[in-house]
Every structure is written in structure tokens, then in C-alpha cells.
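Descriptive structure summary
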Amino acid sequence: MAEGARGAPFHLEWIARSATAIGHWKLVIPGVLSAEDWTLMAFKAGYVAIVGRPNVGKSTLLNRLLGQKLSIVSPRPQTTRNRILGIKSLPGAQIVFVDTPGIHRSEQRFNREMTRAGLRAAGDADLVLWMVDAEAPETPDDLLILESLRRVKAPCYLLINKVDRVGKPLVLPIIDRFKDRLPFREIVPLSAASGENVDRLEALLERDLPEGHPFFPEDQVTDRPERFLIAELIRERAFHLLRQELPYAVAVTVEQVREREGRDLVDVGATLYVEKASQKGIAIGAGGQMLKQIGQQSRPAIEALLGRRVNLQLVVKVREGWRRDEDALRDLGYLDHP
Ligand SMILES: Nc1nc2c(ncn2[C@@H]2O[C@H](COP(=O)(O)OP(=O)(O)OP(=O)(O)O)[C@@H](O)[C@H]2O)c(=O)[nH]1
Ligand SMILES: [Mg+2]
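Residues numbered from 1 in each chain as written. Chains lettered and ligands numbered in written order. Predicted model: local features only at pLDDT ≥ 70, side-chain atom pairs only at ≥ 80, totals over all residues.

A word on the environment of Gln78. Mapped onto the secondary structure, Gln78 falls in the loop between α2 (58-66) and β4 (84-89). Here Gln78 falls in the partly exposed class, since 19 other C-beta atoms lie within 10 Å of it. Measuring from C-alpha to C-alpha, the distance between Gln78 and Arg53 comes to 8.8 Å, with 25 residues separating the pair along the chain. Ignoring any residue separated from it by four or fewer positions in sequence, one finds Gln78 in contact with Pro54, Pro101, Gly102, Met114 and Tyr248. (Helix = DSSP H or I, 4+ residues; strand = E, 2+ residues; numbered from the N terminus. Buried ≥ 20, exposed ≤ 12 C-beta atoms within 10 Å, placed from the backbone. Contact = placed C-beta atoms within 7 Å.)

Another aspect to go through is the environment of Ala277. Among the structural elements, Ala277 can be located in helix α9 (residues 277-284). For Ala277, a count of 9 C-beta atoms within 10 Å translates into the label exposed. A C-alpha to C-alpha distance of 8.5 Å links Ala277 and Lys317, two positions 40 residues apart in sequence.

The next point concerns the sheet that holds strand β8 (residues 186-189). Within a sheet, neighbouring strands are paired by backbone hydrogen bonds and run either parallel or antiparallel to one another. Judged by pairing direction, the sheet is mixed, and its six strands sit side by side in the order β4-β5-β3-β6-β7-β8 without closing on themselves. Of all the strands in the sheet, just β4 and β8 have a single pairing partner and so form its edges. Averaged over all neighbouring strand pairs, the angle between strand axes comes to 20 degrees, with direction disregarded. Bridging between strand β6 (residues 127-133) and strand β7 (residues 156-161) involves six bridges; their strand directions are parallel. Residue pairing for β7: Val128 is matched across the bridge by Cys156. Sitting on the sheet, helix α4 (residues 140-150) touches β3 (44-52), β6 and β7, and the angle it makes with β6 is about 165 degrees. (Pairing = 2+ DSSP bridges. Axes fitted to C-alpha atoms, helices over the stretch in contact; angles between N-to-C directions.)

Our focus in this paragraph is the site of ligand 1. Around ligand 1 there are 23 residues in total, and Gly57, Ser59, Thr80, Gly102 and Ala193 lie nearest to it. With three residues, the single largest contributor to the shell around ligand 1 is α2. Classifying every residue of the shell around ligand 1 by side-chain character gives eight nonpolar, 11 polar and four charged. (Near = placed C-beta within 6 Å. Nonpolar A, V, L, I, M, F, W, Y, C, P; charged D, E, K, R; others polar.)

As summarised here, the arrangement of the three strands in space is β9-β10-β11, forming an open sheet in which the pairing is mixed. Here the strands that pair on one side only, and so sit at the sheet edges, are β9 (251-259) and β11 (309-318). Each neighbouring strand pair of the sheet contributes to a mean axis angle of 20 degrees, computed without reference to strand direction. Strands in contact with α9 are β10 (265-274) and β11; relative to β11, the strand with the most contacts, it is inclined by about 155 degrees.

To continue, consider the confidence of the model for the chain. Detailed conclusions should not be drawn from predicted coordinates in areas where pLDDT is low. When pLDDT is averaged across the chain, the result is 89; 87% of the residues are at 70 or more. Here residues 1-29 is modelled with pLDDT under 50, and outside its nearest four sequence neighbours on either side it reaches 39 contacts, counting other chains as well. (pLDDT = per-residue confidence, 0-100.)

Turning next to the packing of helix α7 (residues 226-241) against helix α10 (residues 289-306). Remark: α7 packs on α10, axes separated minimally by 9 Å, with the N-to-C direction vectors making an angle of 140 degrees. On the basis of the axis angle, α7 is oblique to α10. In terms of crossing hand, the pair formed by α7 and α10 is right-handed. Contacts between α7 and α10 pair Leu229, Ile230, Leu233, Ile234, Arg237, Ala238 and Leu241 from the former with Met290, Gln293, Ile294, Gln297, Ser298, Ala301, Ile302 and Leu305 from the latter. Across the contact of α7 with α10, the residue classes break down as 11 nonpolar, three polar and one charged. (Parallel < 35°, antiparallel > 145°, perpendicular 65-115°, else oblique. Left-handed = near helix turned anticlockwise from the far one by under 90°.)

Rendered as C-alpha cells:
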């Protein structure tokens, strides 16, 4: 008789590995059970797109679900500019979350590109989470999202975020307002910031995902390379520190990530691009103060990501009108959405 059948604990990883051998069936064990209690369930795997207007809290939710900072967050709208995968591997499922740029109407080429990325992610997903902000009034952008989601075949949940900011009685009228607009599979009020109800959301998703093999190795967390994540951490600080329109004119690329031989130190070289010569001085600041602050504030997060001490070299360059320039958008990684 196998040890497990006598009630001794099985090692969960071992179970998962053995189970992979029988197709996409996996043994799902809530805690440690004896062999008689095993339940054979289908392994679930799928893409879950998080879409919504800018600033509703999509990236905050992605980070909360993953338990780590993958996607940058700021109090300003249009922070996220790329589609970013956050891969969550559970004993019985792999949920591939897709964080997306906020969907909004705009005449600008760059903004339209971001909105397109959000809508495309919804079209490609197995399940769509439409996130709204409990505090924000409706705008015509909600109609744009609604019209697009009506054409999406995948089931859709409505997430009402930031419930920590409004009392429960105020959530009910929001549910009433939205509930008949789409045949929502679920309506989940939650707080991405505090984590309230996020576990419940995850359980519902696991229930509703299709059966299938995992898409990524169990230990992979994102599809984005390390250099992208570093560039984003620098851009996040620039977003927080720069004023007015300047955050939107900034793009960051990382040219160098090199370990110093024999030392616990990594040299990181990055460029902060602005759109006009007049913006360069502001991004550098008097006596280099602004650039220094951006570097100082982003370094701890980069060190946490790399698990090493970091020597960060930042320079500022002008890429004239990059937001309107197809080649520049491609070079800066903004036209790489599959
Ligand atoms: N109080 C509260 N604030 C939240 C919550 N979720 C997000 N926020 C805040 O809302 C702001 C926007 O959050 P993001 O996660 O960047 O929003 P987003 O939807 O990804 O925004 P874009 O990338 O611009 O589309 C930040 O200041 C967050 O701290 C929440 O549940 N409660
Ligand atoms: Mg975001």
C-alpha cells in the first residue's frame, strides 16, 4: 500500500508532477488528505483579461493576485502602456492574467494604440474581467467598453473596485446600474488595494476556466523580460515625480544589465526619453536633482526584482515627437502587442 493511503502526507509537488502524466487531469488536494479522500478533477487553464477605463485599479489587482509587483501603479490615468501577463500556477489550475492599458477615447495615435491593446486582450481571453471604479462617475468610455464587450464571446465578470472607499450601501446602486447591460457571469465588489474579496474572485475564476494543459512552466510569473520590468520601475517613479504632461512624454529603455564579476552588484544602464528638447532640462532638474530622485526612488524596487545590489546609471535623451512616430513607438516597445 502506498504511504499516502495510510494517511501519511504526500508531497504536493510530487502529486502535481505525477498527475501531469495522465493528460490534463491533475489531482487536486485541499490540504493534506489520505488517499481515499483524493478527488480527481480536470486541470483548468486559461487567459483572464483585466480591462476597464484608465485608473480603475487593474494593475493593482494584477499585483495583488500574483502577490508581487509586476505591473506599475500610479494615481494618474494611462499608467500601463503594454499588455502584461501575470501567470498564477495553482495545484489545480493555471490562470494567465492579462493586465491591459486603460480603454479610452482619444485622437492621439499612441493612446488609440493602447486602447486597441486592451480591447484585443478582451477578444483573445477565455474570461474577461471588466473593472469599474466604485467612486468614479460614468463617462462615454464606459459605453465604448460595453459596446466592445458585447461582441466578445468569452464570459465576463463585472468587478466593482475600490469598495474600501465607499460604504456597502453605495455598492448596491452600482450593481443595479450595470447588471442588465451584459449577461455577467459574476458581479464581484472588491478592493484590489486591501485585498477584500480577491480570494473569492480567484476561486470563481478557477471554477469557470476551461479545462486544459498549463500554458507556461509552473515557475514562470510573466512573459515580460527583466529589462522591461526594470524600465517600468523607473518609469513609475518618473510618473510619480514629474508634473503635468511630462509623465506622458516619458519612455524608458534599459540598455545594460551586467553583473560585476566577483561582487554582489549589478550595473544597470537606462535611458529616459522625452519628446522635446525643452523637456530635457525639466527631467534632469536643477543640478541633476530630478534625475537623481528618479534613480534613488526606483533603485530599491530594481534591487528587490534582481535580488542584488544595483548601480543605476540614468541618462535623458530627446526622441522628437516619439508618441506620433511609428518607428519610435516600435523601438520603444509600444507596438509589440501580439
Ligand atoms: N482606495 C483604493 N485605491 C485603489 C484600489 N485599487 C487601486 N487603487 C488606486 O488607484 C490608482 C490607480 O491604480 P492602477 O492600478 O494604476 O490603475 P489602472 O487601472 O491599472 O490604471 P491604468 O494603467 O492607467 O489604466 C492608484 O493610485 C491605486 O493605488 C482600491 O481597491 N482602493
Ligand atoms: Mg495599469
